[in-house]
Structure formats: C-alpha cells, structure tokens
Amino acid sequence: MATEPNEPKSRYLQYLEIVTGSLEEKKRWRRYKARIKQLPENYRTAVEALERYLMHFGPADGTGAMTMYEDLAELFEQSAADRTPIRDLFGEDPVEFVEAFMANYPLGQYRTRERNRFTSAIARAAGEDTGRQDRTD
C-alpha cells in the first residue's frame, strides 16, 4: 500500500487518511516511540512525563507536534549520551523548562495567540492604547 513520494495516492489511501489521519505521521510517531524506548530508564521516565504534559498543552497539529517530539527525542538521546543529569536538563522548575521548550514550536499554539488576544482586550477595556492592530472583537 505504500506509494512513492511523487505517485498519487489511491482513493482508498486518501479515504483511510481522512478517517485515521496521516499514515506518514503514524510512522513518524512509531519511530519516535522506538527511540524513546531505547533511552535509559530515568531518561525514558522523564520523557514520558514530558510527553504527557505536551499532549495536554503542546501544539495540536500533527506535523508541528511530530517535529517537536522528534526534537525532544534527540535532546534526550544526546543528554543520555553525555550523561547529563535529569535535574541539569530540566532545572529546578520542570514547567518552566517545558514552557520554554514549547515556545520554539508555535504551530498549533492557540494558547499563546489567545493569551495575547485576552491581554490586548483587557488593555483596551481599561482604556489603554496597546498600539496593536489584532483586534478581533
């Protein structure tokens, strides 16, 4: 059922991807999970906790999210190879680390857009000139 990159997909594959999502994204996810499985236990535990957080608060789109997860796997593979302690990787505040990590992947970050929109709306309501032109009242 695999098609070459320039070969058009069959109607069956097109329909299947509409129902189940991109098959290529699923393959990327499986490769990511295989990479994580190879990490030492303490790094794997940390990545799985971070992954759970990202599932709730990270980018929602497939491609942007997969790029983020692949970068996450690379970060932890390199950290494990260098024997970087987990606390040195995350610092004292793991949430601060993950929020800074997610800021590098704006696709799907509706929260950032909505925070900015909310802040701007409150400033306008308070009579402050924000100088922003993104009004979407």
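Residues numbered from 1 in each chain as written. Predicted model: local features only at pLDDT ≥ 70, side-chain atom pairs only at ≥ 80, totals over all residues. Heavy atoms only, no water.

Focus on the environment of Glu24
Item 1. With respect to the helices and strands, the residue Glu24 is situated in helix α2 (residues 23-37).
Item 2. At a separation of 3.4 Å, a polar atom in the side chain of Glu24 contacts the side chain of Arg31. (Helix = DSSP H or I, 4+ residues; strand = E, 2+ residues; numbered from the N terminus. Polar contact = N/O pair within 3.5 Å; in protein donor to acceptor, adjacent residues only side chain to side chain.)

Re the pattern of salt bridges
If charged atoms from side chains of opposite charge come close, those side chains can pair.
Item 1. Scanning the entire structure with this criterion turns up five salt bridges.
Item 2. Across the salt bridge formed by Glu24 and Arg31, the nearest N and O atoms sit 3.4 Å from each other.
Item 3. Using a relative accessible area of 40% as the deciding quantity, one classes Glu24 as partly exposed.
Item 4. For the salt bridge of Arg35 with Glu77, the shortest nitrogen-to-oxygen distance reads 2.7 Å. Of this pair, Arg35 sits in helix α2 while Glu77 sits in helix α4 (residues 62-82), placing them 42 residues apart in sequence.
Item 5. Residue Arg35 is classed as partly exposed on the basis of its relative accessible area of 28%.
Item 6. One continuous salt-bridge network, built from bridges that share partners, spans Glu25, Arg28 and Glu70. (Salt bridge = Lys/Arg side-chain N within 4 Å of Asp/Glu carboxyl O. Buried < 20%, exposed > 50% of the residue type's maximum accessible area, 1.4 Å probe, protein only.)

Concerning the nonpolar core
Item 1. Of all hydrophobic cores here, the largest spans 23 residues; its most connected members are Tyr32, Leu50, Leu54, Tyr69, Leu72 and Phe76.
Item 2. Mapped onto this core, the elements with two or more residues apiece are α2, α3 (41-57), α4, α5 (86-90) and α6 (94-102).
Item 3. Ranked by the residues each element gives to this core, the list is headed by α4, at eight residues.
Item 4. Excluding anything up to four places from it in sequence, Leu72 contacts Tyr32, Val47, Leu50, Leu54 and Phe101. (Core = buried A, V, L, I, M, F, W, Y, C linked by side-chain atoms within 4.5 Å. Contact = heavy atoms within 4.5 Å.)

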